[in-house]
Amino acid sequence: VRGMLVYSSGGTLLGMILYETAKECLLPSLSKWESHLITIVVTVLLVTLLTAYALRMQNNLRSEISRNRRAAESAQRHLALIVESSDDAIISIDPEGRILSFNPGAERIFGFPVDSVLNHQLSLLIPPEIPDRTAELIDQAKTGTVIRHDRGVFLRSDGSRIHLSV
């Protein structure tokens, strides 16, 4: 709204300067009263036109934002469906190594129900005799390093080991 006011005010001021300059040249015989009346009418017209234009621009921006939001939500739903329907284990963790998501593929592979692993450390899936590299992998992710095909041994819910490519 403030931007519209600045736009309308600036446009009106510029329009009035041009109008006053042209009025003195084109209509020098007007009385003061007629001149003031014309100035008021021109000002109201300029403010109305510029405000209408600014409102139309604002509505166009709102429509574009709405379209972009719907497209982003659609893409998010699409990606969520891919993750949910994948046979591969897809697990996300926070910077402290806590499990944030555990898709059905991970449930099937590791044997843990999702509710039993959420908010637990990823180390829950790593055998105790194997060094936990979670912090190292998180540090690499923070620097933007792409980790491709790291291999590891993980624990299933029944205590058995499973060899996976990460």
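1. A closer look at the confidence of the model for the chain
- Confidence in the prediction of the chain, expressed as mean pLDDT, is 86, and 90% of residues score 70 or more.
- Mean pLDDT per element in the chain: helix α1 (residues 2-26) is the minimum at 66, and helix α3 (residues 104-110) is the maximum at 97.

2. So, the packing of aromatic side chains
- This model, assessed by the stated rule, comprises two aromatic pairs.
- Taking 6.0 Å as the distance between ring centres and 40° as the angle between the ring planes, the aromatic pair formed by Phe-102 and Phe-110 counts as tilted. Across this residue pair, the class does not change: Phe-102 and Phe-110 are buried.
- Geometrically, the ring pair formed by Phe-110 and Phe-154 is edge-to-face, given 6.1 Å between the ring centres and 80° between the ring planes. With Phe-110 in helix α3 and Phe-154 in strand β3 (residues 151-155), this residue pair connects regions lying 44 residues apart in the sequence.
- Within the aromatic cluster, the residues linked to one another by ring pairs are Phe-102, Phe-110 and Phe-154.

3. With respect to the nonpolar core
- If you look at the biggest cluster of nonpolar residues, it comprises 12 residues: Ile-99, Phe-102, Ala-106, Ile-109, Phe-110, Phe-112, Val-117, Leu-122, Leu-125, Ile-126, Phe-154 and Ile-162.
- Of all the secondary-structure elements, those providing two or more residues to this core are β2 (99-102) and α3.
- Apart from residues lying up to four places away in sequence, Phe-102 is in contact with Ile-90, Ile-91, Glu-107, Phe-110, Phe-112, Val-114, Val-117, Leu-118 and Leu-125.

What counts as what
- Residues numbered from 1 in each chain as written.
- Predicted model: local features only at pLDDT ≥ 70, side-chain atom pairs only at ≥ 80, totals over all residues.
- Heavy atoms only, no water.
- pLDDT = per-residue confidence, 0-100.
- Helix = DSSP H or I, 4+ residues; strand = E, 2+ residues; numbered from the N terminus.
- Phe/Tyr/Trp six-rings, centres within 6.5 Å; stacked < 30°, edge-to-face > 60°.
- Buried < 20%, exposed > 50% of the residue type's maximum accessible area, 1.4 Å probe, protein only.
- Core = buried A, V, L, I, M, F, W, Y, C linked by side-chain atoms within 4.5 Å.
- Contact = heavy atoms within 4.5 Å.

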